[in-house]
Amino acid sequence: MAFRPLHDRVLVRRLEAEEKTAGGIIIPDSAKEKPSEGEVVAVGNGSKAEDGTVTALDVKAGDRVLFGKWSGTEVKIDGEDLIIMKESDIMGVLG
Amino acid sequence: MAFRPLHDRVLVRRLEAEEKTAGGIIIPDSAKEKPSEGEVVAVGNGSKAEDGTVTALDVKAGDRVLFGKWSGTEVKIDGEDLIIMKESDIMGVLG
Amino acid sequence: MAFRPLHDRVLVRRLEAEEKTAGGIIIPDSAKEKPSEGEVVAVGNGSKAEDGTVTALDVKAGDRVLFGKWSGTEVKIDGEDLIIMKESDIMGVLG
Amino acid sequence: MAFRPLHDRVLVRRLEAEEKTAGGIIIPDSAKEKPSEGEVVAVGNGSKAEDGTVTALDVKAGDRVLFGKWSGTEVKIDGEDLIIMKESDIMGVLG
Amino acid sequence: MAFRPLHDRVLVRRLEAEEKTAGGIIIPDSAKEKPSEGEVVAVGNGSKAEDGTVTALDVKAGDRVLFGKWSGTEVKIDGEDLIIMKESDIMGVLG
Amino acid sequence: MAFRPLHDRVLVRRLEAEEKTAGGIIIPDSAKEKPSEGEVVAVGNGSKAEDGTVTALDVKAGDRVLFGKWSGTEVKIDGEDLIIMKESDIMGVLG
Amino acid sequence: MAFRPLHDRVLVRRLEAEEKTAGGIIIPDSAKEKPSEGEVVAVGNGSKAEDGTVTALDVKAGDRVLFGKWSGTEVKIDGEDLIIMKESDIMGVLG
């Protein structure tokens, strides 16, 4: 079941800490406020200005991103736990 | 009795959890803050800029949407319990 | 005594629950936060942008509207209890 | 002693409840949050946009207006108790 | 020692209550929130918009003004107690 | 070691009360919320609008300024205690 | 593993107090709210206006900057502790 986030929202799959050692980021202690890492699954059309102008987002499906630990809302789609967040919750793109 | 939401508001029919297994989303534990699923019944003309420009919404009647569990206000129209919310409460469109 | 609401304000007559069964909306339990129904008596000229542009409102006298239960301020005009509210308090138009 | 309110401010003379029975508005119980009635004595040049554009106000000296009970600041000018408020405190114009 | 207020600030000399009987304003009870009266000593160049446009203020040196009792910050310049406030603290101009 | 404040920030050297008697300002009681006096050491390029337009500041190195007593952040540069603040913290320029 | 901060964010390496004596800044007592010093590692493309216009940042990789002690979020990239912050957290550039 596809899911199209609205406007400036992004659907993200959270990557667990172990998976990431190969990828170069070790976040051993998830208790601290360290950002989480994840992979972008789908992005909205873009943020909408007051006059209706739509501006595309700066992240795309497949990007590996860092985001605030408590950002977004958890949702289960096709049995998989994912997170819907705003692009502004994303701190940057890895790789 | 028709109901025309004003500006950027949307009228939504909440879909119960069971109904949705065929649709691909299982939200077994409604206690958690998981978003709710619903179907758009009617949409407003669009959001209105300060200079009066009206921008159409990005959801339409019939769309299956995910929205924040506590979003909007409940209303009974023609005996049916529905919810009036803002478009900004909607996280995305399914399918 | 006529009353001209200012800018984006609207004068509304609250419709009691019983009156509305014929009209199709049953709101049996007024304790819950269910919206109230009413009829628009008069509307302001419109909302005013910073540069002075005036944009007409999207409701007019005679419209049956739903609005937040605690919206607006009660006033008695010619002995009748009415409510002055902002257009943004109105959720939509019935019929 | 003349008094020129600045920008979007308005100088108002509060009309006592009794005076108003002839005028059509009875506000018997001043304890409740019912709006107050008054007469506009003087108005400012208008609200000023960020770029300096001045937009005239929609009320003028002599208008009978309804305003929020606690709006504005009391001042005594030439021995008379008056109120200085913003135009946005005024709900509408009577008559 | 001259003092040039910055942008939309105004330097004001507070006028004591007695001085004002001749001027027509009696504010006997300074305990209440009645506005204070004062004389403008110096004004800033004007308020600055985001794009740098400067808009002159609507009060000038010598104006007798009413301002909120607690507005601004007290400062001593050349041994005299004065007040620096924003133009938006000023309610209007007398005379 | 030079220090270039960013955007609309200003680097200020606080002038002690005694130094200022010659300069004409006596602020004997520093306990009260009286503004502090200082000398501008360096200024940022200017405030940046949303579209990138940069507008130069209205204070420059060498200006004697009054600023809110608690404004800004203390920093030690080349062993000297200075303050980094926003231009909006500055009330005006002396002399 | 490269890391591209998003929009107006900046990746910074915190410089410890000792390292900095050669650089001219002595911040002996880190308990006080004194700003921290660091080196910019990477910067985002720039801040994005509502209409999509991107404005480049005023700091670049290699700049030595002062920033608020509690600014930003700590992250570990390739085993190194770094900080992701907004450009607006940076007070100025040294040297």
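For clarity, every value in this text was computed on a predicted model and none was experimentally measured. (Residues numbered from 1 in each chain as written. Chains lettered and ligands numbered in written order. Predicted model: local features only at pLDDT ≥ 70, side-chain atom pairs only at ≥ 80, totals over all residues. Heavy atoms only, no water.)

**A few points about the overall build of chain A**
Then step 1. The secondary structure content of chain A amounts to one helix and nine strands.
Then step 2. When the elements of chain A are put in sequence order from the N terminus, they spell out β-β-α-β-β-β-β-β-β-β.
Then step 3. When burial is assessed residue by residue, chain A has 51% of its 95 residues classed as buried.
Then step 4. Here the analysis covers contacts within chain A between residues at least 6 apart in sequence; of these, 66% occur between residues at least 24 apart.
Then step 5. By element, 51% of the accessible surface of chain A is carried by carbon and sulfur atoms, the whole surface being about 4,200 Å². (Helix = DSSP H or I, 4+ residues; strand = E, 2+ residues; numbered from the N terminus. Buried < 20%, exposed > 50% of the residue type's maximum accessible area, 1.4 Å probe, protein only. Contact = heavy atoms within 4.5 Å. Areas by Shrake-Rupley, 256 points an atom, 1.4 Å probe, with all protein chains shown as cover.)

**A short note on empty space enclosed by the protein**
Then step 1. Tallying each qualifying case throughout the model produces one cavity of 30 Å³ or more.
Then step 2. When its volume is computed, the largest cavity comes out at roughly 30 Å³.
Then step 3. Forming the walls of the largest cavity are Arg4(C), His7(C), Asn45(C), Gly46(C), Lys48(C), Val54(C) and Asp58(D).
Then step 4. Looking at the lining of the largest cavity residue by residue, the classes come out as one nonpolar, three polar and three charged. (1 Å grid on protein atoms, 1.4 Å probe; cavity = no way out; pocket = protein on both sides within 12 Å on 5 of 7 lines; lining within 4 Å. Points joined across faces, edges and corners; volume = space filled by probe spheres on them. Nonpolar A, V, L, I, M, F, W, Y, C, P; charged D, E, K, R; others polar.)

**Side note on the sheet that holds strand E8 (residues 80–86) of chain C**
Hydrogen bonding along the main chain pairs the strands of a sheet, whether they run parallel or antiparallel.
Then step 1. Taken in spatial order, the seven strands line up as E1(B)-E9(C)-E6(C)-E3(C)-E2(C)-E8(C)-E7(C) in an open sheet, and their pairing is antiparallel. Two strands lie at the open edges of the sheet, namely strand E1 (3–5) of chain B together with strand E7 (73–77) of chain C, each paired on one side alone. Pairs of neighbouring strands in the sheet enclose a mean axial angle of 40°, with direction left out of account.
Then step 2. Pairing geometry for strand E2 (residues 9–14) of chain C and E8(C), over four bridges, is antiparallel. Bridge assignment links Val10(C) to a residue of E8(C), and that residue is Met85(C). (Pairing = 2+ DSSP bridges. Axes fitted to C-alpha atoms, helices over the stretch in contact; angles between N-to-C directions.)

**Brief notes about the interface of chain F and chain G**
Then step 1. With 21 residues of chain F in contact, the opposing surface of chain G contributes 24 residues.
Then step 2. Interface area for chain F against chain G, summed over the two sides, is near 2,000 Å², with a carbon-plus-sulfur share of 57%.
Then step 3. On the chain F side of the contact with chain G, Met1(F), Leu6(F) and Lys76(F) bury the most area, a combined 27% of that side's loss.
Then step 4. Remark: the boundary between chain F and chain G carries two salt bridges. (Buried area = accessible area lost by both parts, 1.4 Å probe. Salt bridge = Lys/Arg side-chain N within 4 Å of Asp/Glu carboxyl O.)

**Structural notes on the relation of the copies chain F and chain G**
Relating the two copies of this chain is a rotation about some axis coupled with a shift parallel to it.
Then step 1. Between chain F and chain G, the superposition needs a rotation of 51° and an axial shift of 0.0 Å, giving an RMSD of 0.0 Å.
Then step 2. Mapped onto chain G, only 5% of the interface residues of chain F again fall at the interface, so the copies present different surfaces. (Least-squares fit on C-alpha atoms with pLDDT ≥ 70 in both.)

So, to be careful, I would describe these as geometric facts and stop short of saying anything about function.
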